[in-house]
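Here's the letter readout for the chains.
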Amino acid sequence: TQLLEQSPQFLSIQEGENLTVYCNSSSVFSSLQWYRQEPGEGPVLLVTVVTGGEVKKLKRLTFQFGDARKDSSLHITAAQPGDTGLYLCAGEGAAGNKLTFGGGTRVLVKP
Amino acid sequence: EAEVAQSPRYKITEKSQAVAFWCDPISGHATLYWYRQILGQGPELLVQFQDESVVDDSQLPKDRFSAERLKGVDSTLKIQPAELGDSAMYLCASSLGFRGYEQYFGPGTRLTVT
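Residues numbered from 1 in each chain as written. Chains lettered and ligands numbered in written order. Predicted model: local features only at pLDDT ≥ 70, side-chain atom pairs only at ≥ 80, totals over all residues. Heavy atoms only, no water.

Note on interface size: it is often stated as the accessible area lost on association of the parts. Chain B puts 25 residues into the contact, and the matching count from chain A is 19 residues. The closest approach of N and O atoms between glutamate 41 of chain A and arginine 9 of chain B, which form a salt bridge, is 3.6 Å. Where chain B touches chain A, the interface holds 3 residue pairs in polar contact (both at pLDDT 80 or more). A per-class count over the side of chain B that touches chain A returns 10 nonpolar, 11 polar and 4 charged. (Contact = heavy atoms within 4.5 Å. Salt bridge = Lys/Arg side-chain N within 4 Å of Asp/Glu carboxyl O. Polar contact = N/O pair within 3.5 Å; in protein donor to acceptor, adjacent residues only side chain to side chain. Nonpolar A, V, L, I, M, F, W, Y, C, P; charged D, E, K, R; others polar.)

Put into structure tokens, the structure is as follows:
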């Protein structure tokens, strides 16, 4: 069974501060996805990283896939209240399109 | 923009009762997934369909849960009898294909078992 551990479980920061969320596993994934989920809604895909060492930027969000494709990080620069939500990482196994989700990191950005 | 539709959005039921959830995927999406998300945790895959066939139901509690996608389009997930531990968000997702395609999630059904 492939497991993904996210840390921290909860982050509370002031508007304008930076934050980093980590996603770690002992397993190798063919790709890793990051989602954001609002209360009462389904997850929405932010980015997919495929290549070891890959870095992708989405405005103020920077995603990195570890060289060994076992871990990933999400960094938010100058966080805004609109960044508040549950951030989920999900890894796709080599066998097919089956996603294993991490437990999530709840981010609260206070104005 | 095409979306995955789910109903009902909220359901309260008493334990030992039967409950059913419905999902209509994005048109043309061959693969459909049902996930369960317990409060404070990430989604867990319950069942995956490719057209009308079940591809993976290894995590589906088959003694009480059943899922069908008879015509390869919309799908129903049923629980009978419901237990207190079934209280969770049930998410449906769809994708164009089986591998390497983005999954689009619906808004979910929030189930509370009393």
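Residues and elements named next belong to chain A. What the 5 strands build is an open sheet, ordered S1-S3-S8-S7-S6; its pairing is antiparallel. Of all strands in the sheet, those with a lone pairing partner are strand S1 (5-7) and strand S6 (55-58), marking the two edges. Between one strand axis and the next, the sheet turns through 15° on average, direction left out of account. Here 4 bridges tie S6 to strand S7 (residues 61-65), and the two strands are oriented antiparallel to one another. Across the sheet, valine 55 pairs through a bridge with glutamine 64, a residue of S7. (Pairing = 2+ DSSP bridges. Helix = DSSP H or I, 4+ residues; strand = E, 2+ residues; numbered from the N terminus. Axes fitted to C-alpha atoms, helices over the stretch in contact; angles between N-to-C directions.)

The subject of this paragraph is the pairing of strand S3 (residues 19-24) of chain A. Look at any regular strand and the pattern is simple: side chains alternate between the two faces of the sheet. All names here are of chain A. Side chains Leu19, Val21 and Cys23 of S3 all project onto a buried face; the interleaved residues Thr20, Tyr22 and Asn24 project onto a face where none is buried. In this structure, S3 lies alongside strand S8 (residues 71-76), joined through 6 bridges in antiparallel fashion. The partner of leucine 19 across the bridge, within S8, is isoleucine 76. (Buried < 20%, exposed > 50% of the residue type's maximum accessible area, 1.4 Å probe, protein only.)

All names here are of chain B. Per the stated rule, a full pass over the model turns up 9 salt bridges over all chains. Between glutamate 44 and arginine 36 there is a salt bridge, with its nearest N and O atoms 3.7 Å apart. Relative accessible area serves as the criterion here: at 32%, glutamate 44 is assigned to the partly exposed category. Across the salt bridge formed by aspartate 86 and arginine 64, the nearest N and O atoms sit 2.6 Å from each other. Of this pair, aspartate 86 sits in the loop between strand S8 (75-79) and strand S9 (88-95) while arginine 64 sits in the loop between strand S6 (53-56) and strand S7 (65-68), and the two are 22 residues apart along the sequence. Across this residue pair, the class does not change: aspartate 86 and arginine 64 are buried. Taken together, the shared-partner salt bridges in this structure form one network comprising Arg64, Glu83 and Asp86.

Moving on to the sheet that holds strand S3 (residues 19-24) of chain B. Residue and element names in this part refer to chain B. Ordered by their spatial adjacency, 4 strands build an open sheet running S1-S3-S8-S7, and the pairing between neighbours is antiparallel. At either margin of the open sheet sits one strand with a lone partner, and together these are strand S1 (5-7) and S7. On average, each strand axis in the sheet is tilted by 15° relative to the strand beside it, whichever way the strands run. Looking at chain direction, S7 and S8 are connected through 4 bridges and run antiparallel. The residue of S8 that forms the bridge with serine 66 is lysine 78.

All names here are of chain A. The final tally for this structure, using the stated rule, is 2 disulfides over all chains. Put simply, cysteine 23 and cysteine 89 are joined by a disulfide, and their sulfur atoms are 2.0 Å apart. Between cysteine 23 and cysteine 89, the S-S dihedral sits near 80°, and the bridge is therefore right-handed. Highlighted residues: cysteine 23 in strand S3 and cysteine 89 in strand S9 (residues 85-92), separated in sequence by 66 residues. Across the pair, exposure class does not vary: cysteine 23 and cysteine 89 are buried alike. (Disulfide = S-S within 2.5 Å.)

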